[in-house]
Amino acid sequence: YAWGGQDARGWSARRSRAASARGIVTTLIVVNVAVFLLERLFPSIEALLSGGVGGGRYRYGIAELVAAKVLRGEVWRLVTAQYLHADVGHIFVNMLVLHFLGRPLESMWSARKFFTIYTLCGLCGNVFYTVLGARGVIPPEMPAVGASGCIYGLLGILAVMFPTATVYIQFLFPVRIRTAAIVFGGIALLSIIERGRNYGGEA
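Since the structure is predicted, the reported quantities are computational estimates derived from the model, not experimental observations. (Residues numbered from 1 in each chain as written. Predicted model: local features only at pLDDT ≥ 70, side-chain atom pairs only at ≥ 80, totals over all residues. Heavy atoms only, no water.)

Next up on the list: the overall build of the chain. In terms of regular secondary structure, the chain is built from 10 helices and four strands. Here the chain holds 203 residues, and the buried ones make up 42% of them. Here the analysis covers contacts within the chain between residues at least 6 apart in sequence; of these, 73% occur between residues at least 24 apart. Accessible area of the chain: about 10,600 Å², with a carbon and sulfur share of 66%. (Helix = DSSP H or I, 4+ residues; strand = E, 2+ residues; numbered from the N terminus. Buried < 20%, exposed > 50% of the residue type's maximum accessible area, 1.4 Å probe, protein only. Contact = heavy atoms within 4.5 Å. Areas by Shrake-Rupley, 256 points an atom, 1.4 Å probe, with all protein chains shown as cover.)

Below is the structure:
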């Protein structure tokens, strides 16, 4: 991703007037990677959290998002699942996109504001996932992990604040960020409707 166009200049002007949260994106990336590495380097932690037998597809026990368990009162899963990732490819893509989408916002907001909004984006995504589980659209016992809700939230915020800014998809194809947000949102919706390979994650 790269920024360009009139909205990118508007972002630069806002940045010069705002309190900087420089470093919060790096901190979030480090925390996510550290959690990912700890779970893999110390599998006994995984066994402890999952009662020794694993907690489903991802085996994160009390931390992964499972709609049925949230509905039974385990509401912390709505937050803890944001810091878990299924595999190297999953965390690499999410952290790469967090890096590119988060930098413009961290330069305009305070660290507290960025962290709060980032967390609320993930929380909204996970609540939506839980609602779909309660309604049977998603199997209520199917686990989910990842920061995708946070990432989609940042994309939506940037699309509203700077709709004509240009992003380069896969570093090659220039697209207005508003268009990118609509396209990615449409792909996610279609995946849910068609029960695609990762329709739970897209939800």
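This part is about the state of the cysteines. Enumeration according to the criterion identifies zero disulfides in this entry. In this structure cysteine 121 is not part of a disulfide, and its nearest cysteine sulfur, from cysteine 124, lies 6.8 Å away. Overall, cysteine 124 belongs to the exposed group, its relative accessible area being 54%. (Disulfide = S-S within 2.5 Å.)

Moving on, we get to the environment of leucine 98. The topology assignment puts leucine 98 in helix H6 (residues 88-106). The class for leucine 98 is buried, based on a relative accessible area of 0%. Considered as a pair, leucine 98 and serine 148 are 50 residues apart in the sequence and their alpha carbons are 9.5 Å apart. Those residues in contact with leucine 98 that sit more than four places away from it in its chain are Val25, Leu28, Ile29, Arg103, Tyr118, Ile151 and Leu154.

It is worth spelling out the packing of helix H7 (residues 111-134) against helix H8 (residues 148-161) at this point. Two elements in contact, H7 and H8, have axes separated by 7 Å at closest approach and are oriented at 115 degrees. Between H7 and H8 the crossing geometry is right-handed. Judged by residue contacts, Phe114, Ile117, Tyr118, Cys121 and Gly122 of H7 engage Gly149, Cys150, Gly153, Leu154 and Ile157 from H8. When the residues that make up the contact of H7 with H8 are grouped by side-chain class, the tally is seven nonpolar, three polar and no charged. (Axes fitted to C-alpha atoms, helices over the stretch in contact; angles between N-to-C directions. Left-handed = near helix turned anticlockwise from the far one by under 90°. Nonpolar A, V, L, I, M, F, W, Y, C, P; charged D, E, K, R; others polar.)

The terminal C-alpha atoms of H7, which comprises 24 residues, lie 34 Å apart, in line with the 34 Å expected from a rise of 1.5 Å per residue. Along H7, the residues that are buried comprise Phe114, Tyr118, Thr119, Cys121, Gly122, Gly125, Asn126, Tyr129, Thr130, Leu132 and Gly133. Where H7 terminates, the next one or two residues include glycine 136, which has phi positive at roughly 85 degrees. (Expected span 1.5 Å × (residues − 1).)

One recurring pattern in soluble globular proteins is that nonpolar side chains are buried together. Counting residues in hydrophobic clusters, the biggest one holds 30 residues, and the most contacted among them are Leu98, Leu101, Phe114 and Tyr118. Of all elements in the fold, only helix H2 (24-41), H6, H7, H8, strand S3 (166-169) and helix H9 (177-194) reach the threshold of two or more residues within this core. Listed in part, the 12 residues of the second largest apolar core include Leu65, Met142, Tyr199 and Ala203. (Core = buried A, V, L, I, M, F, W, Y, C linked by side-chain atoms within 4.5 Å.)

A few words now on the packing of H6 against H8. Where H6 meets H8, the closest approach of the two axes is 10 Å, and the angle between their N-to-C directions is 30 degrees. Regarding the angle of H6 to H8, the classification is roughly parallel. In this structure, the crossing between H6 and H8 has a hand that is left-handed. In contact with His90, Asn94, Val97, Leu98, Leu101, Gly102, Pro104 and Leu105 of H6, H8 contributes Ser148, Ile151, Leu154, Leu155, Ile157, Leu158 and Met161. Split by residue class, the contact of H6 with H8 holds 11 nonpolar, four polar and no charged. (Parallel < 35°, antiparallel > 145°, perpendicular 65-115°, else oblique.)

So, about the packing of aromatic side chains. Applying the stated criterion across every chain, the model contains two aromatic pairs. Ring centres 6.2 Å apart and planes at 55 degrees place the aromatic pair tryptophan 109 and phenylalanine 114 in the tilted group. Just as tryptophan 109 is buried, phenylalanine 114 falls in that class too. Arranged with centres 6.3 Å apart and planes meeting at 15 degrees, the rings of phenylalanine 114 and tyrosine 118 form a pair that is stacked. Linking phenylalanine 114 with tyrosine 118, this pair stays in helix H7, spanning four residues, or about one helical turn. Of the two residues, phenylalanine 114 and tyrosine 118, both sit in the buried class. Taken together through their ring pairs, the aromatic side chains of Trp109, Phe114 and Tyr118 make up a single cluster. (Phe/Tyr/Trp six-rings, centres within 6.5 Å; stacked < 30°, edge-to-face > 60°.)

Here the focus is H9. Between the first and last C-alpha of H9 there are 25 Å, a value that for 18 residues agrees with the 26 Å anticipated at 1.5 Å per step. Where H9 is buried, its residues meet H6, H8, S3, strand S4 (173-176) and helix H10 (199-202).

This is a description of form; function is not addressed.
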